[in-house]
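Below, each chain spelled out in residue letters.
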Amino acid sequence: MNWLANVHGFRGELPAALDAIMAVIGLAEAAGNRPAAVNAVRGSGMMLLFMGRLVEARRMQERSVAEFDMNVQPMRAMPATPAS
């Protein structure tokens, strides 16, 4: 579905692209696939931006950043190994 949304977007079929990417959000969330859901939310923001729906686009972009930040794990230093 994500690729279908991309194809619609490339062809200038923005309402169809938005419909497809919104379906991807639902599918990804239902499957518990957080990375795909965050990517789809970001994609929906881009489609809304291209359609001139700026307030909605900003809301979706802010949501994608917030959800991405919630999923980021701090990097941990590798344990030191004793020299042999």
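Criteria and thresholds
- Residues numbered from 1 in each chain as written.
- Predicted model: local features only at pLDDT ≥ 70, side-chain atom pairs only at ≥ 80, totals over all residues.
- Heavy atoms only, no water.
- Helix = DSSP H or I, 4+ residues; strand = E, 2+ residues; numbered from the N terminus.
- Buried < 20%, exposed > 50% of the residue type's maximum accessible area, 1.4 Å probe, protein only.
- Areas by Shrake-Rupley, 256 points an atom, 1.4 Å probe, with all protein chains shown as cover.
- Patch = residues over 30% accessible without salt bridge, like charges linked within 9 Å, V, L, I, M, F, W, Y side chains within 5 Å.
- Salt bridge = Lys/Arg side-chain N within 4 Å of Asp/Glu carboxyl O.
- Contact = heavy atoms within 4.5 Å.
- Axes fitted to C-alpha atoms, helices over the stretch in contact; angles between N-to-C directions.
- Parallel < 35°, antiparallel > 145°, perpendicular 65-115°, else oblique.
- Left-handed = near helix turned anticlockwise from the far one by under 90°.
- Nonpolar A, V, L, I, M, F, W, Y, C, P; charged D, E, K, R; others polar.
- pLDDT = per-residue confidence, 0-100.

Participant: How should the overall build of the chain be read in this particular structure?
Facilitator: A count of helices and strands for the chain gives 4 helices and 0 strands. Within the span of the chain, comprising 84 residues, buried residues form 29% of the whole. With an accessible surface of roughly 6,100 Å², the chain has 64% of that area assigned to carbon and sulfur atoms.

Participant: What's the story with a nonpolar patch on the surface in this structure? I'm lost.
Facilitator: Where nonpolar side chains cluster on the molecular surface, the patch consists of Met1, Leu4 and Leu27 and spans about 300 Å² of accessible area. Position of Leu4 among the secondary structure elements: in helix 1 (residues 2–10).

Participant: What exactly am I supposed to notice about the pattern of salt bridges here?
Facilitator: According to the stated counting rule, one finds 6 salt bridges in the structure shown. One salt bridge in this structure joins Glu29 and Arg63, with 2.7 Å as the shortest N-O distance. Taken together, the residues Glu29 in helix 2 (residues 14–31) and Arg63 in helix 4 (residues 54–71) connect sequence positions 34 residues apart. Residue Arg63 is classed as partly exposed on the basis of its relative accessible area, which comes to 29%. As a salt-bridge pair, Glu67 and Arg34 come within 3.6 Å of each other at their nearest N and O atoms.

Participant: Mind showing me how you'd approach the environment of Gly45 here?
Facilitator: Mapped onto the fold, Gly45 is located in helix 3 (residues 34–50). Taking the relative accessible area as the measure of exposure, Gly45 reaches 1% and is therefore buried. Along the sequence, Gly45 and Ser64 sit 19 residues apart, while their C-alpha atoms lie 8.6 Å from each other. Leaving out residues up to four positions away in the same chain, Gly45 has contacts with Ala57, Met60 and Gln61.

Participant: Teacher, can you tell me more about the packing of helix 1 against helix 2 here?
Facilitator: Two measures define how a pair of helices packs: the angle their axes make with one another and the distance between the axes. Interaxial distance between helix 1 and helix 2 falls to 8 Å at its minimum, and their mutual angle equals 165°. Here helix 2 runs roughly antiparallel to helix 1, going by the angle between their axes. Judged by the sense of rotation from one axis to the other, the crossing of helix 1 with helix 2 is left-handed. Across the interface between the two elements, Asn2, Leu4, Ala5, His8 and Gly9 from helix 1 touch Leu14, Ala16, Ala17, Ala20, Ile21 and Val24 from helix 2. Along the lines of polarity and charge, the residues of the contact of helix 1 with helix 2 split into 8 nonpolar, 3 polar and no charged.

Participant: I tried to follow the confidence of the model for the chain on my own but got confused; where do I start?
Facilitator: Reading predicted coordinates in detail is not appropriate for stretches of low pLDDT. Scored by pLDDT, the chain has a mean of 86; 83% of the residues are at 70 or more. The secondary structure element of the chain with the lowest average pLDDT is helix 1, at 86, and the one with the highest is helix 2, at 95.

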